[in-house]
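Listed below are the residues making up each chain.
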Amino acid sequence: MRFDDTEIESCDCNSPHPDIISKTKRAMPDESDLYDLSELFKVFGDPTRIKILFVLFENEMCVCDIASLLNMTQSAISHQLKVLKQNRLVKFRRDGKTVYYSLADDHVHSIIDQGYEHIKE
């Protein structure tokens, strides 16, 4: 469902509601936590990173497999995996000389699933 700008209305009251403001202020996370959350959502703002996360829903994969599947260079995939790893969205394990990547935990899958469901409504 998309909203039209004409549906946004302004408030007609002339004074704030202190009880609502106070209650909401107590429930708000710390400023640093809000900043960290904002930074996390920026990571999801790149289509290549979203593709990588979707790929890792299905299977643990190495860089060359991800690059082949997404028709990109290994260097480009490695760069995006570094960002995902720094933000604790993917993890890795070594098997000899090969490094395999997977989703860090079920939260990552849930975040992507909920976002995908939201856009499909």
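Anything mentioned here points back to the structure above.
Residues numbered from 1 in each chain as written. Predicted model: local features only at pLDDT ≥ 70, side-chain atom pairs only at ≥ 80, totals over all residues. Heavy atoms only, no water.

Draft legend 1. Layout of the pairing of strand β2 (residues 90-95). Two elements, β2 and strand β3 (residues 98-103), share 6 bridges in a ladder whose sense is antiparallel. If you follow Lys 91 over to β3, its bridge partner there is Ser 102. With antiparallel pairing between neighbouring strands as the criterion, β2 and β3 make up a hairpin whose turn holds 2 residues, including Gly 96 at a positive phi of roughly 65°. (Pairing = 2+ DSSP bridges. Helix = DSSP H or I, 4+ residues; strand = E, 2+ residues; numbered from the N terminus.)

Draft legend 2. Spatial organisation of the packing of helix α3 (residues 47-58) against helix α5 (residues 74-86). Relative orientation of the contacting elements α3 and α5 amounts to 80°, with a least axis distance of 10 Å. What the angle tells us is that α3 and α5 run roughly perpendicular. Contacts between α3 and α5 involve Thr 48, Arg 49, Ile 52 and Leu 53 from the first element and Ile 77, Gln 80, Leu 81, Val 83 and Leu 84 from the second. Its residues placed into classes, the contact of α3 with α5 shows 6 nonpolar, 2 polar and 1 charged. (Axes fitted to C-alpha atoms, helices over the stretch in contact; angles between N-to-C directions. Parallel < 35°, antiparallel > 145°, perpendicular 65-115°, else oblique. Contact = heavy atoms within 4.5 Å. Nonpolar A, V, L, I, M, F, W, Y, C, P; charged D, E, K, R; others polar.)

Draft legend 3. Representation of the side chain of Arg 49 in the model. Within the secondary structure, Arg 49 sits in helix α3. Buried charge without a salt bridge: Arg 49, with Asp 46 as the nearest opposite-charge side chain at an N-O distance of 4.4 Å. Those residues in contact with Arg 49 that sit more than four places away from it in its chain are Lys 42, Val 43, Gln 80, Val 83 and Leu 84. (Buried < 20%, exposed > 50% of the residue type's maximum accessible area, 1.4 Å probe, protein only. Lys, Arg positive; Asp, Glu negative; His and termini not counted. Salt bridge = Lys/Arg side-chain N within 4 Å of Asp/Glu carboxyl O.)

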